[in-house]
Amino acid sequence: TQLLEQSPQFLSIQEGENLTVYCNSSSVFSSLQWYRQEPGEGPVLLVTVVTGGEVKKLKRLTFQFGDARKDSSLHITAAQPGDTGLYLCAGAFMDTGRRALTFGSGTRLQVQP
Amino acid sequence: GAGVSQSPSNKVTEKGKDVELRCDPISGHTALYWYRQSLGQGLEFLIYFQGNSAPDKSGLPSDRFSAERTGGSVSTLTIQRTQQEDSAVYLCASSQDRVVNEQFFGPGTRLTVL
């Protein structure tokens, strides 16, 4: 069973601070996605990374995919209260060809004004 | 519709009763997924439909769970003889099932079994 570990589980920071969330596995991903979920809603896709070493930016969010495609990180610069939510990474594992995504347990971010 | 829709948004039922949850995927999306999310946690895969292929049922936790997809569009997840541990948010997602599988989620159905 492939596992996808996400850390930290909880993060409470002040507005303006920077933070990084990590997503790791012992298996190789064919692709990896980051989602953000707010209470009472389904996850919303933020980004998909496919190529090892890839870096993508979405405003103040920077996503990196590890060279070996086994890990990824999400960095938020100058966090805002609107960034509050549950951040989920989800991967499609290369060796199974399984179409369903395997999700991490999530990082719950609280940004205090 | 513009996005994935699910109904009902909330369902409260008594232990032992059967429930049906509905999902309308994005028009044109050939793949449909059901996931389950316990309070504040990640998502647990349940079942996957792709076109006319046999569904991938490998995530269903017991034989009390079943799902069907009629006409390649709407899907219904049925839970028979509900148990308290079935309480969770049930999420549906759809995708175009390309090589890079980007999934789009509905708002979920919150199921509470008393």
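The structure this text deals with has already been given above.
Structure report, in brief. This one's a predicted model, so the numbers in the text were calculated from it and none came from an experiment.

1. Let's talk about the sheet that holds strand β1 (residues 5–7) of chain B
Residues and elements named next belong to chain B.
Turning to step 1, where the next piece is worked out: Spatially, the 4 strands line up as an open sheet ordered β1-β3-β7-β6, and their pairing is antiparallel. The open sheet has two edge strands, β1 and β6 (65–69), and neither has a second partner. On average, each strand axis in the sheet is tilted by 15 degrees relative to the strand beside it, whichever way the strands run.
Turning to step 2, where the next piece is worked out: Of the pairings in the sheet, the one linking β6 to strand β7 (residues 75–79) comprises 5 bridges and is antiparallel in character. Directly across from Arg69, in β7, lies its bridge partner Ser75.

2. Regarding the pattern of salt bridges
Side-chain pairs of opposite charge can arise where the charged atoms are in close proximity.
Residue and element names in this part refer to chain B.
Turning to step 1, where the next piece is worked out: Under the criterion given, the structure shown has 7 salt bridges over all chains.
Turning to step 2, where the next piece is worked out: A salt bridge links Lys17 to Glu14; the nearest nitrogen and oxygen atoms lie 3.7 Å apart.
Turning to step 3, where the next piece is worked out: When its relative accessible area of 46% is taken as the criterion, Lys17 is described as partly exposed.
Turning to step 4, where the next piece is worked out: Across the pair Glu44 and Arg36 runs a salt bridge whose closest N-O atoms are separated by 3.1 Å.

3. A closer look at the pairing of strand β11 (residues 107–112) of chain A
Residues and elements named next belong to chain A.
Turning to step 1, where the next piece is worked out: Side chains of β11 alternate between two faces, with Thr107, Leu109 and Val111 buried and Arg108, Gln110 and Gln112 left unburied.
Turning to step 2, where the next piece is worked out: Bridging between strand β2 (residues 10–14) and β11 involves 5 bridges; their strand directions are parallel. Within the sheet, the bridge partner assigned to Ile13 lies in β11 and is Val111.

4. Overview of the environment of Thr102 of chain A
Turning to step 1, where the next piece is worked out: Position of Thr102 of chain A relative to the elements: it lies in strand β10 (residues 102–103).
Turning to step 2, where the next piece is worked out: Thr102 of chain A sits 10 residues away from Ala92 of chain A along the chain, and the two C-alpha atoms are 6.5 Å apart.

5. Considering the interface of chain A and chain B
Turning to step 1, where the next piece is worked out: Contacts between chain A and chain B engage 21 residues on the former and 23 residues on the latter.
Turning to step 2, where the next piece is worked out: Our enumeration of links across chain A and chain B arrives at 0 salt bridges.
Turning to step 3, where the next piece is worked out: The interface formed by chain A and chain B contains 5 residue pairs in polar contact (both at pLDDT 80 or more).
Turning to step 4, where the next piece is worked out: Sorting the residues of the side of chain A that touches chain B by element identifies β4 (29–37), β5 (44–49) and β9 (85–93) of chain A as the ones contributing at least two each.
Turning to step 5, where the next piece is worked out: Take the side of chain A that touches chain B: its biggest share by element is 4 residues, from β4 of chain A.

6. Some words on the side chain of Ser75 of chain B
Residue and element names in this part refer to chain B.
Turning to step 1, where the next piece is worked out: Relative to the helices and strands, Ser75 resides in strand β7.
Turning to step 2, where the next piece is worked out: A residue is classified by how much of its surface remains accessible, and Ser75, at 0% relative accessible area, is buried.
Turning to step 3, where the next piece is worked out: Side-chain polar atoms of Ser75 contact the side chain of Trp34, separated by 2.9 Å.
Turning to step 4, where the next piece is worked out: Each residue touching Ser75, except ones within four places of it in the same chain, is listed here: Leu21, Arg22, Cys23, Leu32, Trp34, Phe49, Glu68 and Arg69.

7. Quick look at the sheet that holds strand β1 (residues 5–7) of chain A
Residue and element names in this part refer to chain A.
Turning to step 1, where the next piece is worked out: Taken in spatial order, the 5 strands of this open sheet run β1-β3-β8-β7-β6, and their pairing is antiparallel. This sheet does not close on itself; its edge strands, each paired only once, are β1 and β6 (55–58). Direction aside, neighbouring strands of the sheet carry axes that sit 15 degrees apart on average.
Turning to step 2, where the next piece is worked out: Pairing of strand β7 (residues 61–65) with strand β8 (residues 71–76), which is carried by 5 bridges, proceeds in the antiparallel orientation. Following the sheet pairing, Phe63 is matched in β8 by Leu74.

8. Considering unusual backbone geometry
Residue and element names in this part refer to chain A.
Turning to step 1, where the next piece is worked out: For the bond from Ser7 to Pro8, the omega torsion is -10 degrees, close enough to zero to count as cis.
Turning to step 2, where the next piece is worked out: Structurally, Pro8 is set in the loop between β1 and β2.
Turning to step 3, where the next piece is worked out: Positive phi, close to 50 degrees, is recorded for Ala78, a residue that is not glycine.
Turning to step 4, where the next piece is worked out: Relative to the helices and strands, Ala78 is located in the loop between β8 and β9.

9. What to know about the nonpolar core
Turning to step 1, where the next piece is worked out: Counting residues in each nonpolar core, the largest one holds 21 residues, and the members touching the most others are Leu19, Leu32, Trp34, Leu74, Ile76 and Leu109 of chain A.
Turning to step 2, where the next piece is worked out: Of all the elements in the fold, those that place two or more residues in this core are β3 (19–24), β4, β5, β7, β8, β9 and β11 of chain A.
Turning to step 3, where the next piece is worked out: Among all residues touching Leu19 of chain A, those that are not within four sequence positions of it are Leu11, Ile13, Leu74, His75, Ile76, Ala79 and Leu109 of chain A.
Turning to step 4, where the next piece is worked out: If you look at the next biggest cluster of nonpolar residues, it comprises 20 residues, including Ile47, Phe65, Tyr90 and Val113 of chain B.

The rules behind these values
Residues numbered from 1 in each chain as written. Chains lettered and ligands numbered in written order. Predicted model: local features only at pLDDT ≥ 70, side-chain atom pairs only at ≥ 80, totals over all residues. Heavy atoms only, no water. Pairing = 2+ DSSP bridges. Helix = DSSP H or I, 4+ residues; strand = E, 2+ residues; numbered from the N terminus. Axes fitted to C-alpha atoms, helices over the stretch in contact; angles between N-to-C directions. Salt bridge = Lys/Arg side-chain N within 4 Å of Asp/Glu carboxyl O. Buried < 20%, exposed > 50% of the residue type's maximum accessible area, 1.4 Å probe, protein only. Contact = heavy atoms within 4.5 Å. Polar contact = N/O pair within 3.5 Å; in protein donor to acceptor, adjacent residues only side chain to side chain. Core = buried A, V, L, I, M, F, W, Y, C linked by side-chain atoms within 4.5 Å.

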